[in-house]
Amino acid sequence: MFAVHLLAFHFTKLKEDQIKKVDRYLYHMRLSDDVLLDVMARFQAEMVKGLGRDTNPTATVKMLPSFVRSLPDGSEKGDFLAVDLGGSQFRAHQVKVFDDGKQSSQLESKFYPTPKEVIQGNGAELFDYVADCLLDFMETKNLKHKKLPLGFTFSFPCKQNKLEEGVLLAWTKHFKVRGVQDTDVVSSLRKALQKHKDIDVNVLALVNDTVGTMMTCGYDDQRCEVGLIIGTGTNACYMEEMRHIDLVEGDEGRMCINTEWGAFGDDGALDDLRTEFDRELDLGSLNPGKQLFEKMISSLYLGELVRLILLKMTKEGLLFNGKVSTALLTKGKIEMKHVSAMEKYKEGLSNTKEILTELNLFPSEEDCIAVQHVCTIVSFRSANLCAAALAAILTRLRENKKLLRMRTTVGIDGGLYKTHPQYAKRLHKVVRRLVPNCDVRFLLSVSGSGKGAAMVTAVAYRLAAQRKQIDATLAPFLLSLETLREVKNKMRTELEYGLKRETQASATVKMLPTYVCGTPDGTEKGKFLALDLGGTNFRVLLVKIRSGRRRSVQMYNKIFAIPLEIMQGTGEEVTSNECLTDPTDPRPIAWDYCGIYMLFLSFQLFDHIVQCIADFLEYMGIKGARLPLGFTFSFPCRQASIDKGTLVGWTKGFKATDCEGEDVVDMLREAIRRRNEFDLDIVAVVNDTVGTMMTCGYEDPNCEIGLIAGTGSNVCYMEDMKNIEIVEGNEGKMCINTEWGGFGDNGCIDNIRTKYDKEVDEGSLNPGKQRYEKMTSGMYLGEIVRQILIDLTKQGLLFRGQISESLRKRGIFETKFLSQIESDRLALLQVRRILQQLGLDSTCEDSIIVKEVCGAVSKRAAQLCGAGLAAIVEKKRENQGVEHLQITVGVDGTLYKLHPHFSRVLRETVKELAPQCDVTFMLSEDGSGKGAALITAVAKRLHNVGQK
């Protein structure tokens, strides 16, 4: 027993001594974590350089766009061919992809040799060989009668401008075919295939083997967004944000980048890590000075590296008693399969002895231990360097997504990774050590890069079909110039109907006189109250106007919410501790404790308004002052004078009963009287659009049009009195509140209304009314988008065909989300977060489609608004009898102010449709508050002038 222990101790000591000897000799090949982190940082810098348009020409890591924009989503289906050129064998595949809900596929393959005379001959011979092999495969599988799409896996660096094109940049590995570099390899393959008239094959996609690996694994695991090859050659690809890829136009979505990382270090960036053995190997290769990183990693070179190390150690007397065999002097005698065999856990030493004996080296036990450790150091360095570069890619992905921690999958293929006994475990361990904030799954590609080429082709087929469906869905929102001119002309006709006495009653554009007959002239002064009702909030303002040299407007305001039950509830309420004598009687007839009947007809909405006024007057300390008041009431009113306004109908979500057909000024006065706390001089009832015009008119006398593009949509303008038949008098001008939201209520624009517009209209509070407003205003655009998203989801084009509960909720998709999603500064990642906030679990591709839908809806809204406004400015030009009109439009509304593109599209449309009008757009500063005060001030000024 003692002898056994002694022998074991002797062997362990011997092994340790040999390992230490090799460690000292190959010290520079043993890389610490600090060195690997440095390599990782260097590679990250090269990635950025490769992605930049200006820096790419000098980058060694070329970061080639693959034009693969989408990963498989499981809905792909059909029969596809694939050919795979780049390794030690040429392969032809038939891939059947089944749309059975199980993401299943079937692969049939045939392998063909790649003779040296073919892979180092001329280009025509190479592609003829590929075509001949494919023909043989199709005959074998009885496919010659079928027309099939084909994906071409070509495992060499190519510059692509589209998916089905690729210009070879350089041969790598052991390929060196003449006349192919700088030519389109797809074109060459097509020419070779055309020689075979009896087959019909359409080459749809050129794919790098790394991209093919990612796509193959991506079919099984949709988290897979990195592909890695570690075999005869080495390379990696990953999904990069389009906004970072300067070499390709467009910022939307992602694209797979083929890094071609094998050339990392060709500029000398890794010279401090390269050993004398790396340099010697490079000098003896087919491509000296190129693919230096690959020559430190891939299986094509590791066996030769081991041979060079053993040769030098032997010459220095460290191995084999200094005796060099002819085999050890022969290039290529040690291959990767030998290295793998020597590193096996149990039989490694016996394998080492056998391999070395075959090389006529007659190793001792010490020699076998030393040689095995040389193999370990060489292969471990390979795994370490590969891990460092992969860690750089994973870090970039995580940073692109702005995540603290990321979960992802790396698809891997390649003989070195698959067959080496320790390589995969070493790689995984080092990657996880270098990027501890990434949870990485390594998924082995079972079917290889050939299936990946077929998957790329299948995805391209799917995307083309989806594109057709999406285009068909959004086509009705794309308005031609001719259609917009037609809308402009129809609007002009409706404007005229609204102004004429005999047609005004039936006109959809009501052209309501406002009795505002002047704009500010700068002499207005005093203190005024303004009320602003038109949305979900109500404002009370105190406005101080100064005239003369110190001309200014100061405002103080307070915002009050309007509860939904008041916006849409009954106009009446019981206001004290009474009970109804008859519970079936809807009128609030109450019985007090003394037995006296009292009748309360207090309108909820106006009582709430007066409560807010009282709070404001108390807050400002002016409850005793009887101030002139302008009431901005942003709903269609028929006015008989400037302080008389009968509500025609509620819009924008309001539906308080017992108000339509009533004078809103009288209802306000009655509510003030009921409260009996203060008194106000109500001078004017004002539409918010008129207030906007007056606010801008205070700054620019040329402003005679007001536009609101916000929750609602409306326009007002100064019309010649002689054209207003429904008001007596022909002198001067009067502001007309068009109330153009009702345009189309008679069906005149039904030809441009989509099924989504009709669904939104039918689900609204006022079906059949305000149809133009429902196509152009912020109140409804989000709902139109929601309806489209539901339809696209039903078609299986969004959200994996699953309609979430949140998407079913009316009003969930607010118009503010359109503005955020369409922002040029917003990356798709942020779009996805917005959708996630809405309970919509979206992919990158979903986000692109949602953004496109938002863009189509908002652009149409801006164009329709522009067409209507063009009709107004053309009418103004004709009123003035001028060939060329210069005019200013005062604008307010969140849609115009906050949407990133609405204002631009609106302006462009007006310019296109009214080329003889030079229109300046001026943003209003608080038109509905300041404007109401200015109208009140102008009305007071004109009243005083009239009295004099």
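Before reading further, recall that the structure is shown in the block above.
Residues numbered from 1 in each chain as written. Predicted model: local features only at pLDDT ≥ 70, side-chain atom pairs only at ≥ 80, totals over all residues. Heavy atoms only, no water.

Undergrad: How should the overall build of the protein be read in this particular structure?
TA: For the protein, the count of helices and strands is 28 helices and 31 strands. Rg of the C-alpha trace for the protein: 39 Å, well past the compact-globule value of 30 Å for 948 residues, more than 25% over. C-alpha atoms of the protein, sized along the principal axes, occupy 125 × 70 × 65 Å. The buried share among the 948 residues of the protein stands at 57%. Long-range contacts, defined here as pairs at least 24 residues apart, represent 71% of the contacts in the protein between residues at least 6 apart. Accessible area for the protein stands at about 39,800 Å²; split by element, carbon and sulfur atoms hold 50% of it. (Helix = DSSP H or I, 4+ residues; strand = E, 2+ residues; numbered from the N terminus. Rg over C-alpha atoms; globule rule 2.2 N^0.38 Å. Buried < 20%, exposed > 50% of the residue type's maximum accessible area, 1.4 Å probe, protein only. Contact = heavy atoms within 4.5 Å. Areas by Shrake-Rupley, 256 points an atom, 1.4 Å probe, with all protein chains shown as cover.)

Undergrad: Could you clarify how one ought to interpret the pairing of strand β17 (residues 552-561) in this entry?
TA: Along any regular strand the residues' side chains alternate between the sheet's two faces. Of the pairings in the sheet, the one linking strand β16 (residues 537-546) to β17 comprises 10 bridges and is antiparallel in character. If you follow lysine 544 over to β17, its bridge partner there is glutamine 554. (Pairing = 2+ DSSP bridges.)

Undergrad: How should I be thinking about the environment of glutamate 241 in this particular structure?
TA: Examined against the element boundaries, glutamate 241 turns out to sit in strand β10 (residues 234-241). Through-space distance from the C-alpha of glutamate 241 to that of methionine 255 is 6.6 Å; in sequence the pair is 14 residues apart. For glutamate 241, the contacting residues outside a window of four places in its chain are Gly253, Arg254 and Asn400. Among the polar contacts listed, one links the side chain of glutamate 241 to the side chain of arginine 243, at a separation of 3.1 Å. (Polar contact = N/O pair within 3.5 Å; in protein donor to acceptor, adjacent residues only side chain to side chain.)

Undergrad: Any chance you could explain helix α13 (residues 423-434) here in plain terms?
TA: Since the α-helix packs 3.6 residues into each turn, any two residues three or four apart lie on the same face. For α13, built from 12 residues, the straight-helix expectation of 16 Å at 1.5 Å per residue is met to within 8% by its first-to-last C-alpha distance of 17 Å. Check the buried side of α13 and you find it contacts α2 (33-51), β9 (224-230), α11 (365-400), β12 (406-413), α12 (415-419) and β13 (438-444). (Expected span 1.5 Å × (residues − 1).)

Undergrad: Just to check I follow, could you spell out the sheet that holds strand β1 (residues 64-65) for this structure?
TA: The pairing of strands in a sheet comes from backbone hydrogen bonds and takes either a parallel or an antiparallel form. On the basis of which strands lie adjacent, the open sheet formed by six strands has the order β1-β11-β10-β9-β12-β13 and mixed pairing. If you trace the sheet from one side to the other, it starts and ends with β1 and β13, each paired once. Here β9 pairs with β10 via five bridges, running antiparallel. Its bridge partner being in β10, glycine 227 is matched across the sheet by cysteine 237.

Undergrad: Where do I start with the sheet that holds strand β29 (residues 733-737) in this structure?
TA: Strand order in this open sheet of six strands is β14-β29-β28-β27-β30-β31, and the pairing throughout is mixed. In the strand order of this sheet, the two ends are held by β14 (512-513) and β31 (917-923), each with one partner. Bridge analysis of strand β27 (residues 703-709) against strand β28 (residues 713-720) gives five bridges, and the strand direction is antiparallel. Looking at the pairing, glycine 706 lines up with cysteine 716 of β28. Along the sheet, helix α19 (residues 688-699) contacts β27, β28, β29, β30 (885-892) and β31; its crossing angle with β27, the most-contacted strand, is approximately 135°. (Axes fitted to C-alpha atoms, helices over the stretch in contact; angles between N-to-C directions.)

Undergrad: Help me understand the packing of helix α4 (residues 123-140) against helix α5 (residues 185-194), please; the structure alone is not making it clear to me.
TA: If you want to describe how two helices pack, look at the angle between their axes and the distance between the axes. As a packed pair, α4 and α5 sit with axes 8 Å apart at the nearest point and diverge in direction by 55°. In terms of their interaxial angle, α4 and α5 are classed as oblique. The handedness of the crossing between α4 and α5 is right-handed. Where α4 approaches α5, its residues Phe127, Asp128, Val130, Ala131 and Leu134 are matched on the opposing element by Val185, Ser188, Leu189, Ala192 and Leu193. Residues that form the contact of α4 with α5 fall into these classes: eight nonpolar, one polar and one charged. (Parallel < 35°, antiparallel > 145°, perpendicular 65-115°, else oblique. Left-handed = near helix turned anticlockwise from the far one by under 90°. Nonpolar A, V, L, I, M, F, W, Y, C, P; charged D, E, K, R; others polar.)

Undergrad: Could you clarify how one ought to interpret the packing of helix α15 (residues 481-499) against helix α25 (residues 844-880) in this entry?
TA: In the contact formed by α15 and α25, the axes pass within 8 Å of each other and the chain directions differ by 55°. One finds that α15 runs oblique with respect to α25. Where α15 crosses over α25, the handedness of that crossing is right-handed. In contact with Leu484, Val487, Lys488, Met491, Arg492, Leu495, Glu496 and Leu499 of α15, α25 contributes Gln863, Leu864, Ala867, Gly868, Ala870, Ala871, Ile872, Glu874, Lys875 and Glu878.

Undergrad: Quick question: what am I supposed to make of the nonpolar core here?
TA: Across soluble globular proteins, nonpolar side chains have a tendency to be buried as a group. If you look at the biggest cluster of nonpolar residues, it comprises 112 residues, and the most contacted ones within it are Leu228, Trp261, Leu394 and Leu427. With near-sequence residues (within four places) excluded, leucine 394 lies in contact with Val226, Met406, Thr408, Val410, Val431, Val435, Cys438 and Val440. Counting 83 residues, the second largest nonpolar core, distinct from the first, contains Ile790, Leu792, Ala870 and Val891. (Core = buried A, V, L, I, M, F, W, Y, C linked by side-chain atoms within 4.5 Å.)

Undergrad: Quick question: what am I supposed to make of the packing of aromatic side chains here?
TA: Here a ring pair, both rings aromatic, is described through the centre-centre distance and the interplanar angle of the planes. One pass over the structure, following the stated rule, counts 24 aromatic pairs. Residues phenylalanine 43 and tryptophan 261 carry aromatic rings whose centres are separated by 5.8 Å and whose planes lie at 80° to one another, so their mutual orientation is edge-to-face. Of this pair, phenylalanine 43 sits in helix α2 while tryptophan 261 sits in the loop between β11 (254-258) and α7 (276-283); the two residues are 218 residues apart in sequence, bridging distant segments of the chain. Neither phenylalanine 43 nor tryptophan 261 differs from the other in exposure class; each is buried. The interplanar angle of 85° and the centroid separation of 5.8 Å between the aromatic rings of tryptophan 261 and phenylalanine 293 together place this pair among those described as edge-to-face. Residue tryptophan 261 is located in the loop between β11 and α7, and its partner phenylalanine 293 is located in the loop between α7 and α8 (299-315); the two are separated by 32 residues in the primary sequence. (Phe/Tyr/Trp six-rings, centres within 6.5 Å; stacked < 30°, edge-to-face > 60°.)

Undergrad: Is there a simple way to think about the environment of phenylalanine 633 in this case?
TA: If you trace the backbone, phenylalanine 633 turns up in strand β23 (residues 628-633). The exposure class of phenylalanine 633 is buried, given its relative accessible area of 1%. Sequence separation between phenylalanine 633 and asparagine 687 is 54 residues, and the spatial gap between their C-alpha atoms is 5.3 Å. Filtering out sequence-adjacent residues up to four positions away, phenylalanine 633 remains in contact with Leu533, Leu647, Trp650, Val664, Val685, Val686 and Asn687.

Undergrad: So what exactly am I meant to see when it comes to the pairing of β23 here?
TA: Burial analysis of β23 places six of its six residues in the buried class, which makes it a mostly covered element. Burial of β23 is two-sided: the residues Pro628, Gly630 and Thr632 facing one way and the residues Leu629, Phe631 and Phe633 facing the other way are all buried. Pairing analysis gives five bridges linking strand β15 (residues 526-533) to β23, with the strands arranged parallel. Looking at β23, one finds that aspartate 532 is bridged to threonine 632. Sheet analysis places β23 next to strand β26 (residues 681-686), joined by five bridges and oriented parallel. Residue leucine 629 lies in a different strand from β26, and its bridge partner there is isoleucine 682.

From the geometry alone we can't say anything about function, so treat these as descriptive.
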